[in-house]
Amino acid sequence: MNERIVVGAALFDEGRLLAARRSAPPELAGGWELPGGKVEPGERCEDALARELREELGVEVEILERVPGQWPLAKGYALRVWKARLRSGVPEPLQDHDELRWLAPDQIWSVEWLAADVPAVTAALEQP
Ligand code: DCM
């Protein structure tokens, strides 16, 4: 049942949330997202999320609880989000992104989130 699922991480460190600015494709470039990506066939969502953050940011993360909800993306994909925290490494924009920013609570809406990520970020912040 992992067809057309995109997983994203609400990665928190010392109360700040990581936002990543996409560098591709052109229609999404410049928009900010919760880092993540597509789940591969047969792959668990949580495993896909850890893999994507390893590939894109060069970090090992601990996947925590799922953020309730699911948000529609293009082409029939849906975005699901998990809270996560760093286990090791310092995030770097290795792939798909050209800038990363740790956002304090009063800075969350200072970046232009991609449309699907707006409700996802809202839900992640509402969760205790
Ligand atoms: N996507 C998104 N928000 C996220 C993660 C991904 O809107 N937090 C979108 C961007 C792409 C699609 O999901 O259209 C697949 O992402 P990727 O190219 O990273 O696999």
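Everything here concerns the structure above.
About the criteria used
- Residues numbered from 1 in each chain as written.
- Predicted model: local features only at pLDDT ≥ 70, side-chain atom pairs only at ≥ 80, totals over all residues.
- Heavy atoms only, no water.
- Near = heavy atom within 4 Å.
- Polar contact = N/O pair within 3.5 Å; in protein donor to acceptor, adjacent residues only side chain to side chain.
- Areas by Shrake-Rupley, 256 points an atom, 1.4 Å probe, with all protein chains shown as cover.
- Helix = DSSP H or I, 4+ residues; strand = E, 2+ residues; numbered from the N terminus.
- Nonpolar A, V, L, I, M, F, W, Y, C, P; charged D, E, K, R; others polar.
- Salt bridge = Lys/Arg side-chain N within 4 Å of Asp/Glu carboxyl O.
- Buried < 20%, exposed > 50% of the residue type's maximum accessible area, 1.4 Å probe, protein only.

### Regarding the site of the ligand
Right, on to step 1. Taken together, Val-6, Arg-22, Leu-28, Glu-33, Leu-34, Gly-36, Gly-37, Lys-38, Leu-73, Leu-79, Leu-114 and Asp-117 are the residues near the ligand.
Right, on to step 2. In this structure, Arg-22 approaches the ligand through a side-chain N or O atom, which is 3.2 Å from an oxygen atom.
Right, on to step 3. Taking 440 Å² as the accessible area of the ligand by itself, protein coverage stands at 83%.
Right, on to step 4. In terms of residue count, the dominant contributor to the shell around the ligand is strand β4 (residues 36-38) (three residues).
Right, on to step 5. Considering only residue class, the shell around the ligand consists of six nonpolar, two polar and four charged.

### Section: the pattern of salt bridges
Right, on to step 1. One pass over the full model with this rule turns up twelve salt bridges.
Right, on to step 2. The shortest N-O distance in the salt bridge between Arg-22 and Glu-33 comes to 3.0 Å. Taken together, the residues span a long stretch of sequence, with Arg-22 in strand β2 (residues 16-22) and Glu-33 in strand β3 (residues 32-33) at a distance of eleven residues. Taken as a pair, Arg-22 and Glu-33 share a single burial class, namely buried.
Right, on to step 3. Between Glu-55 and Arg-51 there is a salt bridge, with the nearest N and O atoms lying 3.4 Å from each other. Of this pair, Glu-55 and Arg-51 are both found in helix α1 (residues 45-57), four residues apart, which corresponds to roughly one turn of the helix.
Right, on to step 4. One salt-bridge network, held together by shared partners, links Glu-40, Glu-43, Arg-51, Glu-52 and Glu-55.

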